[in-house]
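# Reading the structure
The lines below spell out each chain.
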Amino acid sequence: MVRETSLSPRNLIYPLFVTYASGEPREIGSMPGNYHWPVDVVAREAASVAELGIPAVLLFGIPEAKDAAGSGAYAEEGVVQRAVRAIKREVTDLVVITDVCLCEYTSHGHCGVVRDGRVLNDPTLELLAKTALSHARAGADIVAPSDMMDGRIRAIRSALDHEGLTDTLILSYAAKYASAFYGPFREAAGSAPQFGDRNAYQMDPANRREALKEALEDVAEGADIIMVKPALAYMDIIREVREAVLLPVAAYNVSGEYAMVKAAAAAGWIDEARMVEEILTGIRRAGADMILTYHARDIARRLRG
Ligand code: PBG
């Protein structure tokens, strides 16, 4: 009766990795319990996520080939575009969100266009808008840019509106830190930068005001949901963003946070189910309306008893 914070499957978003491979899903080594889903069977997985009462999935694509321009990201028959169409055809009542970025598709592994060893902000915007458009045309309900280029929310919003896709929402990875916690994801997506790092476009973990600035800019540019990422080392940022904006706030309980729990559980050092519930309740208490988490399936099953 006096409990202040609730945690329900309705608060969760489950990330799914989609590949061109055929056959059975393959477990991701760095993220036990999560899989690479062949595009022709991913709808089956999406349906079972929906049955657990989880309202949304977020799709990441693993392309067949990469190139300097990241052309797989905005290909008509790209892996995410195909997955969205398949899921939308077979599953009703599931929100389909797509991650919009270039790093999984570029040979250099950066989130933008690279020239002379530098990532160029403005030329990247056009490719991000193209990618978001192709996802929306395929049927995505929400596009989620994770690149951290400046001005991309405005560029994507205007490209969508121009095509009449006015009902497609934008979930912005607004305050995304340059974090060691993305390690297991980069192994899963093969998206580690081939030179340098992402410090020029992702945020310095030491900065707090900058997170608010990023969030407010994205609100002004037309974002519909504001995300903070990672979650655990940034609970204060989640709280401050919650207080600074009126939009829904999302938090990303990222791959490294997941992998730490799974490793400790495998060693027999912790009670996994209790720890996951405590972590996710804490992120909710910090102010997140919704949480992207690789634990979503397991915890939803547990919450439903
Ligand atoms: C793509 C992207 C990344 C993640 C989500 N989208 C990786 C990165 O920025 O290097 C990380 C997700 C996770 O660690 O769970 N830019």
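So, here is what we can say about the structure in this document. (Residues numbered from 1 in each chain as written. Predicted model: local features only at pLDDT ≥ 70, side-chain atom pairs only at ≥ 80, totals over all residues. Heavy atoms only, no water.)

## A few points about the pairing of strand β3 (residues 35-38)
Let me state the cut-off plainly: Here, a strand pair is defined by DSSP locating no fewer than two bridges between the strands. Segments assigned H or I by DSSP are reported as helices when at least four residues long, segments assigned E as strands when at least two residues long, and all are numbered from the N terminus.
The sheet contact formed by strand β1 (residues 12-19) and β3 spans three bridges and is parallel. Looking across to β3, one finds that Val18 is bridged to Trp37.

## Details of unusual backbone geometry
The omega torsion of the bond from Lys229 to Pro230 falls at -10 degrees, within 30 degrees of zero and hence cis. Relative to the helices and strands, Pro230 is located in the loop between β10 (225-229) and α7 (235-244). One non-glycine residue with positive phi stands out, namely Asp116, at about 50 degrees. As for its position among the elements, Asp116 is in the loop between β6 (113-115) and β7 (118-120).

## Notes on the packing of aromatic side chains
The criterion, for reference: Any Phe, Tyr or Trp ring, taking Trp's six-membered ring, that has another such ring centre within 6.5 Å forms a pair; planes under 30 degrees apart are called stacked, those over 60 apart edge-to-face, and the others tilted. Partly exposed residues are those whose accessible area sits between 20% and 50% of the maximum for their type, while under 20% is buried and over 50% is exposed, using a 1.4 Å probe and protein chains only. The criterion for a charge sitting over a ring is simple: Lys NZ or Arg CZ within 6 Å of the ring centre, and within 35 degrees of the ring normal.
The full count for this structure, using the stated rule, is nine aromatic pairs. Aromatic side chains Phe17 and Phe60 sit 5.4 Å apart centroid to centroid with 25 degrees between the ring planes, which places their arrangement in the stacked category. Of this pair, Phe17 sits in strand β1 while Phe60 sits in strand β4 (residues 56-62), placing them 43 residues apart in sequence. Here Phe60 falls in the buried class, since its relative accessible area comes to 2%. A centroid spacing of 5.8 Å and a plane angle of 65 degrees characterise the contact between Tyr258 and Tyr294, whose relative ring orientation is edge-to-face. With Tyr258 in helix α8 (residues 255-266) and Tyr294 in the loop between β12 (290-293) and α10 (296-303), this residue pair connects regions lying 36 residues apart in the sequence. Residue classification places Tyr258 among the buried positions, given a relative accessible area of 1%. For Tyr294, a relative accessible area of 3% puts it in the buried group. One aromatic cluster is present, built from ring pairs that chain together Phe17, Phe60, Tyr173, Phe185, Tyr252, Tyr258 and Tyr294. The ring of Tyr182 is capped by Lys176, whose NZ or CZ atom sits 5.5 Å from the centre of that ring.

## With respect to empty space enclosed by the protein
Stated formally: Of the grid points, spaced at 1 Å and generated over the protein atoms alone, those admitting a 1.4 Å probe that cannot get out make up cavities, while open sets with protein on both sides within 12 Å along at least five of seven lines make up pockets; any residue with an atom within 4 Å of a point is treated as lining. Grid points are joined across faces, edges and corners, and a volume is the space filled by probe spheres set on the points. Classes in brief: Ala, Val, Leu, Ile, Met, Phe, Trp, Tyr, Cys and Pro nonpolar; Asp, Glu, Lys and Arg charged; the others, Gly included, polar.
If you walk through the whole model with that rule in mind, you get two cavities of 30 Å³ or more. Taken as a whole, the largest cavity encloses approximately 160 Å³ of empty space. Looking at the largest cavity, it is lined by 19 residues, and the ones nearest its centre are Cys103, Lys176, Tyr182, Phe185 and Lys229. If you list the elements that add at least two residues to the lining of the largest cavity, you get β9 (169-176) and α5 (183-189). Residues of the lining of the largest cavity, tallied by class, amount to nine nonpolar, four polar and six charged.

## Here's the deal with the site of the ligand
Filter applied, for reference: We call a residue near a molecule or strand as soon as one heavy atom of that residue lies within 4 Å of the molecule or strand. Nitrogen and oxygen atoms within 3.5 Å of one another constitute a polar contact, given that in protein one can donate a hydrogen and the other can accept it, and given that sequence-neighbouring residues count only through two side-chain atoms. Those molecules having more than half of their atoms within 2 Å of a cavity or pocket grid point set are described as sitting in that cavity or pocket.
Taken together, 20 residues surround the ligand, and among them Lys176, Arg186, Lys229, Ser255 and Tyr294 come closest. Here a nitrogen atom of the ligand sits 3.3 Å away from a polar atom, N or O, in the side chain of Ser146. One of the side-chain N or O atoms of Gln202 is found 2.9 Å from an oxygen atom in the ligand. The cavity where the ligand resides is the largest cavity. Of all the secondary structure elements, the ones that give two or more residues to the shell around the ligand are β9 and α5. Of the residues belonging to the shell around the ligand, the class tally is 11 nonpolar, three polar and six charged.

## Considerations on the pairing of β1
Counted residue by residue, β1 has eight buried out of eight residues, so it is predominantly covered. Residues of β1 alternate between two faces, with Leu12, Tyr14, Leu16 and Val18 on one and Ile13, Pro15, Phe17 and Thr19 on the opposite face, all of them buried. Sheet topology note: the β1/β12 ladder contains two bridges and is parallel. Bridge pairing in β12 links Leu12 to Ile291. The pairing of β1 with β4 spans seven bridges and is classified as parallel. When the bridges of β4 are listed, Pro15 appears paired with Leu58.

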